[in-house]
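Chain by chain, the residues run as shown.
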Amino acid sequence: MEKIKIVKLQGGMGNQMFQYAFGKGLESKFGCKVLFDKINYDELQKTIINNTGKNAEGICVRKYELGIFNLNIDFATAEQIQECIGEKLNKACYLPGFIRKIFNLSKNKTVSNRIFEKKYGEYDEEILKDYSLAYYDGYFQNPKYFEDISDKIKKEFTLPEIKNHDIYNKKLLEKITQFENSVFIHVRRDDYLNINCEIDLDYYQKAVKYILKHIENPKFFVFCAEDTDYIKNHFDIGYDFELVGENNKTQDTYYENMRLMMACKHAIIANSSYSWWAAWLSDYDNKIVIAPTPWLPGISNEIICKNWIQIKRGISNE
């Protein structure tokens, strides 16, 4: 029997990057080709309510976004997916486990060839058995899955050149690179407000104090394209900053803020895979990266790299 290994792509850009890196880790371990399933994105687009980009529960509906990278990626056919999973899945299967729990949504039972991530974000050696048929369903947000090929992943996740007509982002990039100690701060709100996962202001204030103790004359750039009014009116971190993201993030340039974040020397990230990748892909050797702990309520902190600084945050639904 021909071995078929398929990794399901789901979530936004940062999530898809984790799943791709996980799949490439499987390829390296087993010496076989791994396929990727992006068929579910077509189904998810049907759940959008009134062109809002969100479903009925207020969750952002994502699109396939890995196309910006020059990746050697093969997609599974519907027949190959069916052969692996053995049954048609309901729409709840396309949502992460913690969201299903919040909204009390059920999913079809696991079948023999369908391998679910048991605990969100935790490294699981059991997943890495060499199954003949395997359909991997999870977010796999753990750098340990691809640590042996990290240089390869960094090279593959090279963003395209800024478009010639994109003067706005070119000027922002030039401005950031002028500062010796640039620091990006990522604030994730929007759909996080609906599921009580947003980060409290105290975390950012403590993170800024840490940066001020360890870096001379930092220049802070705050990224929060989804809720700039909150940043302007309520985001008091005790130090001057520049707001980025008011005019430069569209459906076609959703990755530009990641480029700008990567250009910064240091990082204060949110509990977001988007800013996680920006910090991880940064090539500045002496970077300081600060991450919130716990990452999400009841979720493993293994996503946070060992050399990053963890600062405790409040949990909004406690």
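See the structure above.
This section reports on the structure supplied with the text. Predicted model, so just to flag it, every value in this text is computed and none were measured.

### Description of the overall build of the protein chain
Counting its regular elements, the protein chain contains 10 helices and 11 strands. Counting over 318 residues, the protein chain shows a buried share of 54%. For the protein chain, the exposed area adds up to about 15500 Å²; of that, 45% sits on carbon and sulfur atoms.

### Let's talk about the packing of aromatic side chains
As enumerated under the stated definition, the model contains 28 aromatic pairs in all. Judged by centre distance (4.7 Å) and plane angle (50°), the rings of F18 and W276 are tilted. In this pair, F18 is assigned in helix α1 (residues 13-30) and W276 in helix α10 (residues 273-281), connecting sequence segments 258 residues apart. Geometrically, the ring pair formed by F184 and F223 is edge-to-face, given 6.3 Å between the ring centres and 90° between the ring planes.

### Overview of the sheet that holds strand β3 (residues 74-75)
One open sheet accounts for five strands, arranged β3-β2-β1-β5-β4; its pairing is parallel. Every interior strand has two partners, whereas the edge strands, β3 and β4 (114-116), have only one. Relative to strand β2 (residues 35-37), strand β1 (residues 4-8) runs parallel, the two being bridged by three bridges. When the bridges of β2 are listed, I6 appears paired with L35. Lying on the sheet, α1 is in contact with β1, β2 and β5 (133-137); it crosses β1 at an angle near 160°.

### Observations regarding the pairing of strand β10 (residues 289-293)
Note on strand geometry: in a regular strand, side chains alternate between the two faces of the sheet. The buried fraction of β10 amounts to five of the five residues, a majority that puts the element mostly inside the structure. Residue alternation in β10 divides its side chains into two sets, V289, A291 and T293 and I290 and P292, and both sets are buried. As paired strands, strand β9 (residues 266-268) and β10 are joined by two bridges and run parallel to one another. Among the inter-strand pairings, A267 is bridged to a residue of β10, identified as V289. With α10 bridging β9 and the parallel β10, this β-α-β connection has right-handed handedness. With four bridges joining them, β10 and strand β11 (residues 309-312) adopt parallel strand pairing. Note on β11: the bridge partner recorded for T293 is K312.

Conventions we followed
Here the residue index of a chain counts from 1 through its sequence in written order. Only residues with pLDDT of at least 70 get local features here, since the model is predicted, and only at 80 or more are side-chain atom pairs given and counted; chain-wide, interface and lining totals rely on the full set of residues. In computing side-chain properties, one takes all heavy atoms of the structure into account and sets aside hydrogens as well as water. Counting from the N terminus, the helices are DSSP H or I runs at least four residues long and the strands are E runs at least two residues long. Here's how the labels work: a residue is buried when its accessible area is under 20% of the maximum for its type, exposed when over 50%, partly exposed in between, all with a 1.4 Å probe on protein chains only. Areas reported here follow the Shrake-Rupley algorithm with a probe of radius 1.4 Å; residue values treat only the protein chains shown as occluding. When the centres of two rings from Phe, Tyr and Trp lie within 6.5 Å, Trp using its six-membered ring, the rings pair. Their planes under 30 degrees apart give stacked, over 60 give edge-to-face, and anything left gives tilted. Pairing between two strands requires that DSSP report at least two bridges joining them. Working rule for contacts: check all heavy atoms of both residues, and any pair within 4.5 Å makes them a contact. Fitted lines through C-alpha atoms give the axes, limited to the stretch in contact for helices. The angle between two N-to-C directions lies from 0 to 180 degrees. Clockwise travel from the first strand over the helix to the second, with the strands pointing away from the viewer, marks a crossover as right-handed.

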